[in-house]
Amino acid sequence: MGKIIAGKTSEILPGNMIKVSIDGRDILVANIDGNYYATDDSCTHSGASLSEGELDGCTITCGWHAAQFDCKNGKLVKFPAKIRDLTSYNVTVESDSVFVEM
Ligand code: FES
């Protein structure tokens with residue numbers, strides 16, 4: 001699919017995450033200390049929108065049942081059951097625009 005614009009750097013402030021819809025797919029984009037990361041927004045447990053959960057450092061906590069994922073690579077950090085990791089995507093910044101590579 002290539003590089004898709006996710007937004008402006010000014011729209012994704014450090015310590016925050018947003019949800020963007022790219023070709024019908026919901027993607028979470030997080031800003032950790034000025035570095036940007038992207039994963040699927042849908043929790044692999046029951047489909048909650050992870051961007052509506054909490055971001056602490058690089059750990060995303062799902063708002064529904066508290067599964068935790070690392071936003072840098074989509075890996076499951078903590079949950080009582082084995083659930084899939086999130087798909088993660090490369091992110092690049094050009095000028096003031098954030099691009100997700102899909
Ligand atoms: S839907 Fe995310 S932990 Fe259950």
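The structure this text deals with has already been given above.
Residues numbered from 1 in each chain as written. Predicted model: local features only at pLDDT ≥ 70, side-chain atom pairs only at ≥ 80, totals over all residues.

Caption draft 1: Local environment of the sheet that holds strand E7 (residues 68–70). The antiparallel open sheet is built from 4 strands, whose spatial order is E5-E6-E7-E8. Lying at the two open borders of the sheet, with one neighbouring strand each, are strand E5 (54–56) and strand E8 (76–78). Averaged over all pairs of adjacent strands, the angle between their axes in this sheet comes to 30 degrees, without regard to strand direction. (Pairing = 2+ DSSP bridges. Helix = DSSP H or I, 4+ residues; strand = E, 2+ residues; numbered from the N terminus. Axes fitted to C-alpha atoms, helices over the stretch in contact; angles between N-to-C directions.)

Caption draft 2: A look at the sheet that holds strand E4 (residues 35–40). The 6 strands are arranged E1-E10-E9-E4-E3-E2 in an open sheet whose pairing can be described as antiparallel. The open sheet has two edge strands, strand E1 (3–8) and strand E2 (17–22), and neither has a second partner. Along the sheet, successive strands turn relative to each other by an average axial angle of 30 degrees, direction set aside. Examined bridge by bridge, strand E9 (residues 88–94) and strand E10 (residues 97–101) share 5 bridges and lie antiparallel to one another. Bridging across to E10, Asn90 finds its partner in Glu101.

Caption draft 3: Region of the structure containing the pairing of E9. Two strands pair when backbone bridges link them, and E4 and E9 are joined in this way by 2 bridges, in the antiparallel orientation. Opposite Thr39, over in E9, you have Ser88 as the bridge partner.

Caption draft 4: Broad picture of the environment of Thr87. You can see Thr87 is positioned in the loop between E8 and E9. Taking the C-alpha atoms as reference points, Thr87 and Lys75, separated by 12 residues in sequence, lie 8.4 Å from one another. Once residues within four sequence positions are removed from consideration, Thr87 is found in contact with Thr39, Asp40 and Gly74. (Contact = placed C-beta atoms within 7 Å.)

Caption draft 5: Examining the environment of Asn31 more closely. Tracing the backbone shows Asn31 in strand E3 (residues 25–32). By C-beta crowding, Asn31 is classed as buried, having 21 other C-beta atoms within 10 Å. Here the alpha-carbon distance between Asn31 and Leu55, two residues 24 residues apart in the chain, equals 9.8 Å. In contact with Asn31, not counting residues within four places along its chain, are Ile12, Leu13, Pro14, Gly15, Asn16 and Tyr36. (Buried ≥ 20, exposed ≤ 12 C-beta atoms within 10 Å, placed from the backbone.)

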